[in-house]
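Okay, here's what each chain looks like letter by letter:
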Amino acid sequence: MGKIKDPQLFLLIKNFLLVYLPVQRKLSGNTVTTYRTVLNQFLAHVAGAEGIPVMAVTFDMVNAGSVNAYLDSLTGDRGLSSSTRNNRLAVLRAFVSYAAACRPEYISLSGELSAIKVRKSDRFAKVDYMTEKAVEALLKEPDTRTAIGLRDQMIMVMLYDTGARIQEALGIRLCDLRLDRTPTAQLFGKGRKIRTVPLMANTVGKLKNYISVFHKRESMLSEKPLFYVERKGQLQSICDDTVRIRIRKYADAAREKCGDVPETVYPPSLAAYPCHAPVPARDGPDTDLPMAWACQP
């Protein structure tokens, strides 16, 4: 690991994530994780644009130009929505405002970011719900004979069954699950709100199969994340943007086989209807899930 070129930048980031957000503002762990993810992505984007390692990024490289370039990459290269872009901008503005409060030399930078326009996003203006046929087509796409396909389908199953936001679903730990006679999952939402949601029997069967593959030697009392990626031998939580991109990939493939799959598919923040659709499986019985998948043109 190289030497940090601008220690002040990374010290401010550290204090912002470890002290200001959780202690002073008392934000939930999921919210802090979102802030951390955005800052990591932004630093990686700046480093890539400059052709340098992340450790060499300096505060001089944080400006309206680099922020706009990062935001444009979200809606352009990654195909994310305007609302996601606006959320990322809000995170960067919050960090720079914090930096300006600590170091007055950054007040002008805070003004620069305030001048970046928020894109209009009428998120729920044209929301519709997918047909059962479209849901079936979408959930056939992950190849559950592979570990990644099994994981991706299980994430979608949990999003359906629990009505969780992406960050809530990705925040589920093994110890948050109860797979006994009254199966439930505990979700940690915004504002430190905790809710316990029931799980359907067939979803529990899918979960047990998934856990036998991804958590063979783990106790159900473990605090390890249910869904994870492994990098350099370490388990890390999955980025919510990664899940959105993978869902979009499956939707694009499913649309070629089923015209009912809409152009834009995203998991809604709350399950809306009690009707069910079958979840196909290549290696086990079908699972019933709420028809909660929403589409937005």
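Look up: the structure comes first, before these words.
Here the structure is a predicted model, which means the values were calculated and not measured.

A. Examining the overall build of the protein chain more closely. When helices and strands are tallied, the protein chain shows 10 helices and 10 strands. Taken across its 297 residues, the protein chain has 47% of its residues classed as buried. Taking all contacts inside the protein chain whose residues are at least 6 apart in sequence as the whole, residues at least 24 apart take part in 66%.

B. Summary view of the pattern of salt bridges. Scanning the model with the defined rule gives 14 salt bridges in all. The salt bridge partner of R88 is D240, with a shortest N-O separation of 3.9 Å. Pair noted here: R88 is in helix α4 (residues 82-102) and D240 is in helix α10 (residues 240-255), with a separation of 152 residues, a long-range link. With respect to burial, R88 and D240 carry one shared label: buried. The partner of D240 in a salt bridge is R244, with the nearest N and O atoms 3.4 Å apart. Separated by four residues within a single helix, D240 and R244 lie in helix α10, roughly one turn from each other. Assessed through its relative accessible area of 26%, R244 is described here as partly exposed. Here the salt bridges share partners, and the residues they tie into one network are R88, D240, D241 and R244.

C. A look at the nonpolar core. If you look at the biggest cluster of nonpolar residues, it comprises 44 residues, and the most contacted ones within it are M158, L177, L226 and F227. Sorting the residues of this core by element identifies α6 (132-140), α7 (147-162), α8 (166-170), β3 (184-188), α9 (201-214) and α10 as the ones contributing at least two each. Broken down by element, this core gets its largest block of residues, eight residues, from α7. In terms of nonpolar packing, the next biggest core, distinct from the first, is built from 38 residues, F16, M61, L89 and A100 among them.

D. Structural context of the sheet that holds strand β2 (residues 177-178). Pairing in this open sheet of three strands is antiparallel, and the strands run β2-β3-β4 from one edge to the other. A single partner strand is all that each edge strand has here, and the edge strands are β2 and β4 (194-198).

E. Summary view of the side chain of S73. Checked against the element boundaries, S73 lands in helix α3 (residues 64-75). Its relative accessible area of 11% is what places S73 among the buried residues. A distance of 2.5 Å separates a polar atom in the side chain of S73 from the backbone oxygen of Y70. Here S73 is in contact with H45 and R78, once residues within four sequence places are set aside.

F. A look at the packing of aromatic side chains. Enumeration according to the criterion identifies 11 aromatic pairs in this entry. On the basis of an interplanar angle of 20° and a centroid distance of 4.0 Å, the ring pair of F59 and Y106 is categorised as stacked. Of the two residues, F59 is situated in the loop between α2 (29-50) and α3 and Y106 in the loop between α4 and α5 (107-114); the sequence distance between them amounts to 47 residues. This pair shows no difference in class: F59 is buried, exactly as Y106 is. With centroids separated by 4.5 Å and ring planes inclined at 20°, the aromatic side chains of Y210 and F214 adopt a geometry described as stacked. Taken together, the residues span about one helical turn, with Y210 and F214 both in helix α9 at a distance of four residues. A relative accessible area of 0% places Y210 in the buried class. Connected via pairs of aromatic rings, a cluster forms that spans F16, Y20, Y35, F59, F95, Y98 and Y106.

G. How the structure looks around the pairing of β3. Alignment of β2 against β3, held across two bridges, turns out to be antiparallel. Looking at β3, one finds that L177 is bridged to A185. Taking the residues that link successive antiparallel strands as the turn, the β2-β3 hairpin has five residues. Of the strand pairs in this sheet, β3 and β4 are connected by five bridges, and their pairing is antiparallel. Across the sheet, the residue bridging to A185 is V197, located in β4.

H. Region of interest: the side chain of R151. Checked against the element boundaries, R151 lands in helix α7. Residue contacts for R151: discarding those within four places in its chain leaves Y210, F214, F227, Y228, V229, I238 and R246.

I. Structural view of the packing of helix α1 (residues 7-24) against α4. Across the interface, α1 lies against α4 with an axial gap of 10 Å and an inter-helix angle of 105°. On the basis of their axis angle, the class for α1 and α4 is roughly perpendicular. Taken together, the residues of α4 that come into contact with α1 (itself represented by L9, L12, I13, N15, F16 and Y20) are A94, F95, Y98, A99 and C102. Considered class by class, the residues forming the contact of α1 with α4 number 10 nonpolar, one polar and no charged.

Quick notes on the rules
Residues numbered from 1 in each chain as written. Predicted model: local features only at pLDDT ≥ 70, side-chain atom pairs only at ≥ 80, totals over all residues. Heavy atoms only, no water. Helix = DSSP H or I, 4+ residues; strand = E, 2+ residues; numbered from the N terminus. Buried < 20%, exposed > 50% of the residue type's maximum accessible area, 1.4 Å probe, protein only. Contact = heavy atoms within 4.5 Å. Salt bridge = Lys/Arg side-chain N within 4 Å of Asp/Glu carboxyl O. Core = buried A, V, L, I, M, F, W, Y, C linked by side-chain atoms within 4.5 Å. Pairing = 2+ DSSP bridges. Polar contact = N/O pair within 3.5 Å; in protein donor to acceptor, adjacent residues only side chain to side chain. Phe/Tyr/Trp six-rings, centres within 6.5 Å; stacked < 30°, edge-to-face > 60°. Axes fitted to C-alpha atoms, helices over the stretch in contact; angles between N-to-C directions. Parallel < 35°, antiparallel > 145°, perpendicular 65-115°, else oblique. Nonpolar A, V, L, I, M, F, W, Y, C, P; charged D, E, K, R; others polar.

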